[in-house]
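Below are the chains, spelled out letter by letter.
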Amino acid sequence: MTDIQILIVDYGSQYTLVIGRTLRELGVRSVILLPKKADMWLKNNTPKAVVLSGSNWSVHNDGAPGLPKSLDDTGKKYLVLGICYGMQLLAHDQGGAVAKPHEHREYGPAEVTLDTTHSLFSGVPQKTIVWASHGDTVTKLPKGFTSIATSGGIAAMTNKNNRVLGIQFHPEVAHTTEGKKILQNFLDMAGCRKNWNPQNLIHEIQKEVLDNVNKNKGNIILGFSGGVDSTTLAAILTPVLRKRLICIAIDTGGVRAKELEEIKINAKSAKVKNLIVIPAGTEFIKNISKTIDGEEKRTKFREVYQRIFEEQIAKYKAGFIVQGTLATDLIESGQAGKSAMIKTHHNVGLKWKVQDLHPFRNLFKYEVRELARALKLPPAIYERNPFPGPGLYLRVVGVPVSKEIIQLVREADKTVSDIIKKHNLGKDISQLIVALLGVNSVGVKGDERVYGHSLAVRAVQTSDFMTAKGYYFTEEMMEEITSALTKHKNIVRVFFDMTPKPPATTEFE
Ligand code: XMP
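If you're wondering where the values come from, they're calculated on a predicted model, not measured in any experiment. (Residues numbered from 1 in each chain as written. Predicted model: local features only at pLDDT ≥ 70, side-chain atom pairs only at ≥ 80, totals over all residues. Heavy atoms only, no water.)

**Topic: the side chain of Asp72**
Structurally, the position occupied by Asp72 is in the loop between strand E3 (49-52) and strand E4 (79-83). Lacking a salt bridge, the buried Asp72 has Lys77 as its closest oppositely charged neighbour, with an N-O distance of 5.9 Å. Within the structure, Asp72 has its side chain in polar contact with the backbone nitrogen of Lys77 (distance 2.6 Å). When residues no more than four places from it in sequence are discounted, the contact partners of Asp72 are Lys77, Tyr78 and Val80. (Helix = DSSP H or I, 4+ residues; strand = E, 2+ residues; numbered from the N terminus. Buried < 20%, exposed > 50% of the residue type's maximum accessible area, 1.4 Å probe, protein only. Lys, Arg positive; Asp, Glu negative; His and termini not counted. Salt bridge = Lys/Arg side-chain N within 4 Å of Asp/Glu carboxyl O. Polar contact = N/O pair within 3.5 Å; in protein donor to acceptor, adjacent residues only side chain to side chain. Contact = heavy atoms within 4.5 Å.)

This is the structure in structure tokens:
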């Protein structure tokens, strides 16, 4: 078993899991725990370093979470690094001052000037762009601390022996140009060694699942969508669970063109022994069409989704349900520690009659892709763009879904996907979305007035879907896409959406 070298205390920042992911990218295993659990863990374990995450709390708020009681905040036992709120907590706790939130929070890219003689910033240019996301700031350093970076105010601090550190910006976010270098410096200062690799993880996942499911002899149901997560999970679990693993794929009616064929092909690649496809489109549309509210649609989707799985659990006498839920899904469903709920993912937080297992709960998409590569699954699987469980239903905005509208969105998705494929742009685009906007408008086709639909085309670039950049098509591509889409008699307008995440999310709902 690979040992945990870093404890990350989760104060609820959207980026906490990104810290874990980045450390893993640098080859180091970490564990993420809420402050109370972290306190207990530290009583029995001595990591090489403790990272205190960011948060949407202010240290001045009533009830703001504090430092774990058992934390050695002198840094003698292990290196301590506070990021954003974590830095403010350290400063506040040790007698420094933290300013109350301003009206305008510092949010987005900022330039900092670093003390590059300090080991934390060694090899980093003196001036660099970082990602900031905070209202409070440390305005007075605690006794014995010095500032090692500035961006208007204090952007980083250290204690005398360089064992307690604070950074106001987010080194873990990809938009901090030198973020990885800074975190590598931090790992070097902590004396960490590389101990994370995909093979270890595959064995750990198999062991964790086996330890659980061997408590009884029942079957194990796996929610199989044919996407990279569930296919990789199936490929990991099939060798150890064999015929006990029943993969259930639901035709929700919101799937893309050819999706059902791909599900079967991918199940074969994962050497799945039992694949059951349940046709349920009519049931889903009936329930989801009752509302146009994004979050309610997700709830309606979940109701049918859960009902179908419960039926299958009973039918196959399963004792467990296992799903490929990722860290990102948990964060944005508000299930990871104290992070805010952005949207309820279709398979997160459901209460099952049997035990549910989420072996990928600490992983990000790009890590699952690495596992798929290590398992030698075909590139069509590990390079596959993600697609949300509720599918095309999330891509009809502001009007009720219907079979006809879903079919229109499905065709539009295929049209744009084919153009992207033709231009070989798949590798530059992390996800494509073609959504129908519920605003009809006037157009003219063949000299006749048409009052028809508008479509939005959105392509994004991202590695973890926590943040994303809008993809800018060339003028020629935009023309080609617009012309292809407006061939449909009811489509009169096409919009291109390049809004980054944040503030937008990848999907429209
Ligand atoms: P957002 O829109 O939150 O999406 O930026 C991040 C990634 O998650 C996908 N997504 C989902 N995947 N069930 C899923 O399996 C869901 O309910 C769901 N909602 C969003 C989205 O397509 C993107 O890749």
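**Topic: the layout of surface pockets**
Put simply, the largest pocket is a space of about 1,200 Å³. Lining the largest pocket we find 39 residues, and of these Glu383, Arg384, Asn385, Lys421 and Gly426 sit closest to its centre. Where the lining of the largest pocket is concerned, the elements lending two or more residues are helix H7 (259-269), helix H11 (365-374), helix H12 (379-382), helix H13 (403-422) and strand E18 (431-445). For the lining of the largest pocket, the leading source of residues is H13, giving 6 residues. Looking at side-chain class alone, the lining of the largest pocket contains 14 nonpolar, 9 polar and 16 charged residues. Two domains each put at least three residues into the lining of the largest pocket: domain 2 (198-382) and domain 3 (402-497). (1 Å grid on protein atoms, 1.4 Å probe; cavity = no way out; pocket = protein on both sides within 12 Å on 5 of 7 lines; lining within 4 Å. Points joined across faces, edges and corners; volume = space filled by probe spheres on them. Nonpolar A, V, L, I, M, F, W, Y, C, P; charged D, E, K, R; others polar. Domains from an automatic or database assignment.)

**Re H13**
Under the 1.5 Å per step criterion, the end-to-end length of H13 is 28 Å for 20 residues, consistent within 8% with the ideal 28 Å. Every buried residue of H13 is accounted for by Ile405, Ile406, Leu408, Val409, Arg410, Ala412, Asp413, Val416, Ile419 and Ile420. In the core, the buried residues of H13 are packed alongside strand E17 (396-397), E18, strand E19 (448-461), helix H14 (475-485) and strand E21 (491-496). Two residues or fewer past H13, Asn424 is found with a positive phi of approximately 55°. (Expected span 1.5 Å × (residues − 1).)

**Considering the packing of aromatic side chains**
Across all of its chains, the model carries 8 aromatic pairs by this definition. For the ring pair Phe301 and Tyr305, a centre distance of 6.0 Å and an interplane angle of 25° mean the geometry is stacked. Taken as a pair, Phe301 and Tyr305 lie in helix H9 (residues 294-315) at a separation of 4 residues, close to a single helical turn. For the ring pair Phe473 and Phe496, a centre distance of 5.9 Å and an interplane angle of 70° mean the geometry is edge-to-face. Taken as a pair, Phe473 in the loop between strand E20 (469-470) and H14 and Phe496 in strand E21 lie far apart in primary sequence, 23 residues in all. A connected cluster of aromatic rings, assembled from ring pairs, spans Phe284, Phe301, Tyr305, Phe309, Trp352 and Tyr393. Above the plane of the ring of Phe387 lies Arg256, whose end atom (NZ or CZ) is 3.9 Å from the centre. (Phe/Tyr/Trp six-rings, centres within 6.5 Å; stacked < 30°, edge-to-face > 60°. Lys NZ or Arg CZ within 6 Å of the ring centre and 35° of its normal.)

**So, empty space enclosed by the protein**
Under the definition given, this model contains 1 cavity of 30 Å³ or more. Approximately 880 Å³ is the volume attributed to the largest cavity. Around the largest cavity, the lining comprises 45 residues; the ones closest to its centre are Asp229, His346, Phe387, Pro388 and Gly389. Of all elements in the fold, only helix H6 (228-241), strand E13 (245-251), H7, H9 and helix H10 (327-332) reach the threshold of two or more residues within the lining of the largest cavity. Class assignment for the residues of the lining of the largest cavity results in 17 nonpolar, 17 polar and 11 charged.

**Section: the nonpolar core**
One finds Phe284 and Phe473 to be the most contacted residues of the largest nonpolar core, which totals 48 residues. Two domains each put at least three residues into this core: domain 2 (198-382) and domain 3 (402-497). Residues contacting Phe284, with those up to four places away along its chain left out, are Ile250, Thr252, Phe301, Val304, Tyr305, Ile308 and Tyr393. Of all hydrophobic cores here, the second largest spans 35 residues; its members include Ile202, Ala249, Val322 and Leu371. (Core = buried A, V, L, I, M, F, W, Y, C linked by side-chain atoms within 4.5 Å.)

**What to know about the domain arrangement of the protein**
You'll often see interface size given as the accessible area lost when the parts meet. Under the domain assignment, the protein is made up of domain 1 (6-190), domain 2 (198-382) and domain 3 (402-497). In this structure, domain 2 and domain 3 have C-alpha centres spaced 28 Å apart. When the two sides are added together, the surface that domain 2 and domain 3 hide from each other amounts to roughly 890 Å², 67% of it contributed by carbon and sulfur. On the surface where domain 2 and domain 3 come into contact, there are 0 salt bridges. Scanning the region where domain 2 abuts domain 3 turns up 2 residue pairs in polar contact (both at pLDDT 80 or more). Going through the elements one at a time, H10 and H11 are the ones with two or more residues in the side of domain 2 that touches domain 3. For the side of domain 2 that touches domain 3, the element with the highest residue contribution is H10, accounting for 3 residues. Looking at the side of domain 2 that touches domain 3, its residues break down into 6 nonpolar, 3 polar and 3 charged. (Buried area = accessible area lost by both parts, 1.4 Å probe.)

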